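Summary of the model geometry
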Amino acid sequence: MAMRWIFFLFAVSVLFAVEKTEIKGLELKILNGAKNGAGYVSIYNGNSYAVSLYKVEVEPGVFDRVELHDHVPRKDENGVEYMEMIEIPEMEIAPGSTLFLQRGGKHLMLMGINSTLCSFKELKFEFSFRHGGDTFQRSVEVNVSDDKRCVGL
Ligand SMILES: [Cu+2]
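Residues numbered from 1 in each chain as written. Predicted model: local features only at pLDDT ≥ 70, side-chain atom pairs only at ≥ 80, totals over all residues.

Some details on the environment of Gly-46
Within the secondary structure, Gly-46 sits in the loop between β2 (37-45) and β3 (51-59). The spatial distance from the C-alpha of Gly-46 to the C-alpha of Thr-21 is 5.9 Å, given a sequence separation of 25 residues. Residues in contact with Gly-46, not counting those within four places in the same chain, are Lys-20, Thr-21, Glu-22 and Gly-96. (Helix = DSSP H or I, 4+ residues; strand = E, 2+ residues; numbered from the N terminus. Contact = placed C-beta atoms within 7 Å.)

Written out as structure tokens, the structure reads:
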């Protein structure tokens, strides 16, 4: 009986976090002939605690995997500054703030674009977040049939 009660509390807290985490304006940048693409989106954390995005999965599996990327400033041997793209394990979103994944900053990297991409009308992106020991998911759908790469196929 005690176990059941604990599970119930946990489930409520997870639902709460899902409702207060909003994913808006997911946009895919998939260039014709390119091996990898990028995903841009904004994620609002309306909770009173920080949450971290740690995984993104796509159904159907038209990408080998989705990585979380950031750009960091570097200097070459001549002292010239440039930006390097690196994979990061997670992206933290402070309470009440919005994380913007955008060109030149943090972004989703769509690794290994499969040629079956254009045979699907919609892709479902599932975002996995954690806060403390809890995890929760939030899904959004994106239409690919009118993507530039797919038009005319
Ligand atoms: Cu990247």
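Now that the structure has been shown, the text picks up again.
Some points on the nonpolar core
Residues Ile-43, Leu-53, Ile-93 and Leu-110 are the most contacted members of the largest nonpolar core, which totals 17 residues. Looking at this core element by element, the count peaks at 4 residues for strand β9 (residues 122-131). Setting aside chain neighbours within four positions, we find Ile-43 in contact with Thr-21, Ile-23, Leu-53, Ile-93, Thr-98 and Leu-99. (Core = buried A, V, L, I, M, F, W, Y, C linked by C-beta atoms within 7 Å. Buried ≥ 20, exposed ≤ 12 C-beta atoms within 10 Å, placed from the backbone.)

A short note on the environment of Thr-98
Among the structural elements, Thr-98 can be located in strand β7 (residues 98-101). With 13 C-beta atoms packed within 10 Å, Thr-98 lands in the partly exposed category. A C-alpha to C-alpha distance of 9.1 Å links Thr-98 and Glu-22, two positions 76 residues apart in sequence. Leaving out residues up to four positions away in the same chain, Thr-98 has contacts with Ser-42, Ile-43 and Tyr-44.

Let's talk about the sheet that holds β9
Taken in spatial order, the 4 strands of this open sheet run β6-β3-β9-β10, and their pairing is antiparallel. Every interior strand has two partners, whereas the edge strands, β6 (91-93) and β10 (134-143), have only one. Ignoring which end each strand starts from, the neighbouring axes of this sheet average 35 degrees apart. When β3 meets β6, the two strands line up antiparallel, connected through 3 bridges. Along β6, the bridge assignment pairs Ser-52 with Glu-92. (Pairing = 2+ DSSP bridges. Axes fitted to C-alpha atoms, helices over the stretch in contact; angles between N-to-C directions.)

Structural notes on unusual backbone geometry
Here Glu-59 and Pro-60 are connected by a cis peptide whose omega angle stands at -10 degrees. Within the secondary structure layout, Pro-60 lies in the loop between β3 and β4 (63-75).

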